[in-house]
Amino acid sequence: MMKQFLDSLVPGGSVARLFTGENRKPTLILLWTPLILTTWKYFGTKPFYLQHLSSSFVLFDNPAKTAEWYTYGTAFLLFGVLSVLFVRFILREPLSAYGLTMGDWRFSLKALALLAPVMALITYPSASDPQFIAEYPLFKGAGSSLGTFIEHAFAYLFFYIGWEVYFRGFMQFGLRERFGDWYAILIQVGFSCILHIGKPDGEIYSSILGALIWGIVAFRSRSLLVPIITHWILGVSLDYYISFLSSNIGLFRVTNSQITIRGIRLRATDGLILATLAFFSLLAVLFFWRVPDWWMLVLKNIGVAIVYLAFIHYSDRASGKFLKFFLRVAAVTLSYAYLFGAVDKLQMLIHGRWMDSYILDFEQWIFGVQPTLWLQDYTTPWLTEWLMFSYVVYVPLYPILCGIIYYKKGELAMEDYFFTLGFTNILCDIGFILLPVASPMYWIKELYTVPLDGYVWTYLGELMRSHLHYAGGSIPSPHGAAATIMWAMAYRYHRPSFWVMAPVVISLYVSTFYGRYHYMTDVVVGILVAFVALALAPVLMRLWDRIARSPRLAS
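Attention in this report is confined to the structure presented alongside it. (Residues numbered from 1 in each chain as written. Predicted model: local features only at pLDDT ≥ 70, side-chain atom pairs only at ≥ 80, totals over all residues. Heavy atoms only, no water.)

As for the packing of helix 16 (residues 381–409) against helix 19 (residues 456–467)
For clarity, the cut-off: Only C-alpha atoms enter the line fits that serve as axes; for helices the fit covers just the stretch in contact. Angles between N-to-C directions range over 0 to 180 degrees. Helical segments are the DSSP runs of H or I of at least four residues, strand segments are the runs of E of at least two, and each set is numbered from the N terminus. Here is the rule for angles: anything less than 35 degrees is roughly parallel, anything more than 145 is roughly antiparallel, 65 through 115 is roughly perpendicular, and the remaining ranges are oblique. By the definition used in this description, the sense in which the near helix is turned from the far one sets the handedness, with an anticlockwise turn below a right angle giving left-handed and a clockwise turn giving right-handed. Residue contacts are defined here by distance: any two heavy atoms, one from each residue, within 4.5 Å place the two residues in contact. All residues other than Ala, Val, Leu, Ile, Met, Phe, Trp, Tyr, Cys, Pro, Asp, Glu, Lys and Arg, Gly among them, are scored as polar; the first ten of these are nonpolar and the last four charged.
Where helix 16 meets helix 19, the closest approach of the two axes is 8 Å, and the angle between their N-to-C directions is 55 degrees. Put simply, helix 16 runs oblique to helix 19. As helix 16 runs across helix 19, the sense of the crossing is left-handed. Along its contact with helix 16, which presents Thr384, Glu385, Met388, Phe389, Tyr391, Val392 and Val395, the element helix 19 presents Val456, Trp457, Thr458, Leu460, Gly461, Glu462, Met464 and Arg465. Of the residues belonging to the contact of helix 16 with helix 19, the class tally is 9 nonpolar, 3 polar and 3 charged.

Observations regarding the packing of aromatic side chains
Cut-off, in case you're wondering: Centres within 6.5 Å make a pair out of two Phe, Tyr or Trp rings, where for Trp the six-membered ring is used; the pair is then stacked when the planes are under 30 degrees apart, edge-to-face when over 60, and tilted otherwise. Using a 1.4 Å probe on the protein chains alone, a residue whose accessible area is under 20% of its type maximum counts as buried, one over 50% counts as exposed, and one in between counts as partly exposed. In our convention, an over-ring charge means Lys NZ or Arg CZ found within 6 Å of a ring centre and within 35 degrees of that ring's normal.
Within the structure shown, the criterion is met by 48 aromatic pairs. Summarising the aromatic geometry, the rings of Tyr72 and Phe159 are spaced 5.7 Å apart at their centres and angled 50 degrees between planes, so their arrangement reads as tilted. Placement of the pair is Tyr72 in helix 4 (residues 63–91) and Phe159 in helix 7 (residues 146–179), with a sequence separation of 87 residues. Its relative accessible area of 4% is what places Tyr72 among the buried residues. The interplanar angle of 40 degrees and the centroid separation of 6.0 Å between the aromatic rings of Tyr156 and Phe159 together place this pair among those described as tilted. Taken as a pair, Tyr156 and Phe159 lie in helix 7 at a separation of 3 residues, close to a single helical turn. Among the residues examined, Tyr156 registers a relative accessible area of 5% and is labelled buried. Aromatic ring contacts, followed pair by pair, group Trp32, Trp40, Tyr72, Phe79, Phe86, Tyr156, Phe159, Tyr160, Trp163, Tyr166, Phe167 and Phe170 into a single cluster. Across from the ring centre of Phe107, 4.2 Å away, lies the NZ or CZ of Arg220, which sits over that ring. Between Arg495 and the ring centre of Tyr491, over which it is positioned, the NZ or CZ distance is 3.7 Å.

Considerations on the environment of Lys140
Note on placement: Lys140 falls in the loop between helix 6 (130–135) and helix 7. Residue classification places Lys140 among the partly exposed positions, given a relative accessible area of 45%. Each C-alpha atom, one on Lys140 and one on Glu68, is 9.5 Å from the other, the two residues being 72 residues apart in sequence. Aside from chain neighbours lying at most four places away, what touches Lys140 is Ile133, Ala134 and Glu135.

Some words on helix 8 (residues 181–195)
For clarity, the threshold we go by: Multiplying 1.5 Å by the helix residue count minus one yields the expected span of that helix. Note that the arc is computed from the directions linking the helix axis to the C-beta atoms.
If you check helix 8, its first and last C-alpha atoms are 22 Å apart, about what 15 residues at 1.5 Å a residue would give, namely 21 Å. Regarding helix 8, the residues found buried are Ala184, Ile185, Gln188, Val189, Ser192, Cys193 and Leu195. Buried residues of helix 8, viewed axially, fall in a sector of 160 degrees; they line one side. When the buried face of helix 8 is taken as reference, the exposed residues oriented beyond 90 degrees from it are Trp182, Tyr183 and Ile194. Where helix 8 is buried, its residues touch helix 2 (24–43), helix 4, helix 7 and helix 9 (201–221).

Topic: the side chain of Asp356
Our working rule: Counting rule applied: Lys, Arg positive; Asp, Glu negative; His and chain ends not counted. Every case where a carboxyl oxygen of Asp or Glu lies within 4 Å of a side-chain nitrogen of Lys or Arg is listed as a salt bridge. Polar contact is the term for a pair of N or O atoms within 3.5 Å; when the atoms are in protein, one must be able to donate a hydrogen and the other to accept it, and sequence-neighboring residues count only if both atoms are side-chain atoms.
The residue Asp356 is located in helix 14 (residues 356–367) in this model. Buried charge without a salt bridge: Asp356, with Arg353 as the nearest opposite-charge side chain at an N-O distance of 8.4 Å. A polar contact of 2.6 Å, which involves the side chain of Asp356, links it to the side chain of Tyr519. Once residues lying within four places of it in the same chain are set aside, the contact partners of Asp356 are Val437, Ala438, Ser439, Trp443 and Tyr519.

Here it is in structure tokens:
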């Protein structure tokens, strides 16, 4: 009776068919997977070692360090070595068919160049999250010295070799023949995500995206090389930030130091804005022959500085909480907007010409197409409307998120938001000078044959294009950079806002080049600049502390 029931579930009417022909390999892989993953989860991890083995088996005279090596070693053996043996002696197939080969090494180099810096920087915001600090590094003494951390990073590599060999190699390559590429990727994504249960919530959700990206790269490159290296960089970077920088991240390093000049109290954000105005004025004077109406730019900068000082003077003396907040937000936000416009005159200081051809050649080399032109095939009014909404709503989100942070976490948190956001914008401004790019809406405008038709938000997006944009101001993308900072600050100070903003920010990234405001490279560089700013902002805050506390200023 039971055999008849089981046979009825199988095409062809016999359970034995699951283990023959084209069904044999996927059946073995899908039966082996829950067995091996459960075995590792229960018997191959740190808790099992500490509870059952630490009294009898210790390396380095350090049970905590041994627990880490035990976890990574069992993952390498169960996921990596056993998978290799399974392929060679049970499936009797070449290892190269499972990604254990160099594959398309030219594509791998491109993917590595693109993904490695992203993976190195993307974990920085998580390093201030108590959930991640509690979870990582697996060996809490990894940051006791540089040598110890190098040992930790070396051991960690074996974990990622095992992980990628199993999920992106054994599972994904093994199932593609039976289920097709996409379903093979999605199956490994599901199992990979499940094994993350118990990790910080942010890691669980991001593991889905990561598994998709690494799965696609593995198939495209026909190799596990890039997934192994970039996944390892991701994990080691997070452990590095937590081990050596966690005390300098977020609110722990927000400075409350102030410098008082003639009764006006300057915070770190004020110093940043005034220093940038002075720097832009100096550039205009030094390179006056390349700056149209350079003297007018200098006078405008001086005027903005005076108005800004007046704003912060009255903001400090405002009695109402909302008025104080409003004046502060207005002064800082309008100053950043002015700096974005002011740098327009400075873009030709170094090169004296637009560099769009280099970006176009680079994207053609990477993708084989120009992404903004390729997207014309998928342009529809409703898609345009949503992406234009994401692009435009960024403007009101700027002060709205600031207000949420101010009323939920206080003035110090708001200053962290202001300073990091401003530093990011200024790095973008400098980028416009170092690599002046006109943007696709000026450089290849005539190549677009499909109009961006939409509705209300599309109209507003086009209004921004015609009134707020200028030739240049393209790379790094200020939209991509600032949106990343806003998202990171939401994660740091108000987690519900982070989740609400998630679809908008992700869509905003796409909208920058879908809407032809930027090249795709611009937004990728913008995101990277945001993470650089997150890493360097604490350093600048420490510098401000030293300046504010110097005996000369104190006197």
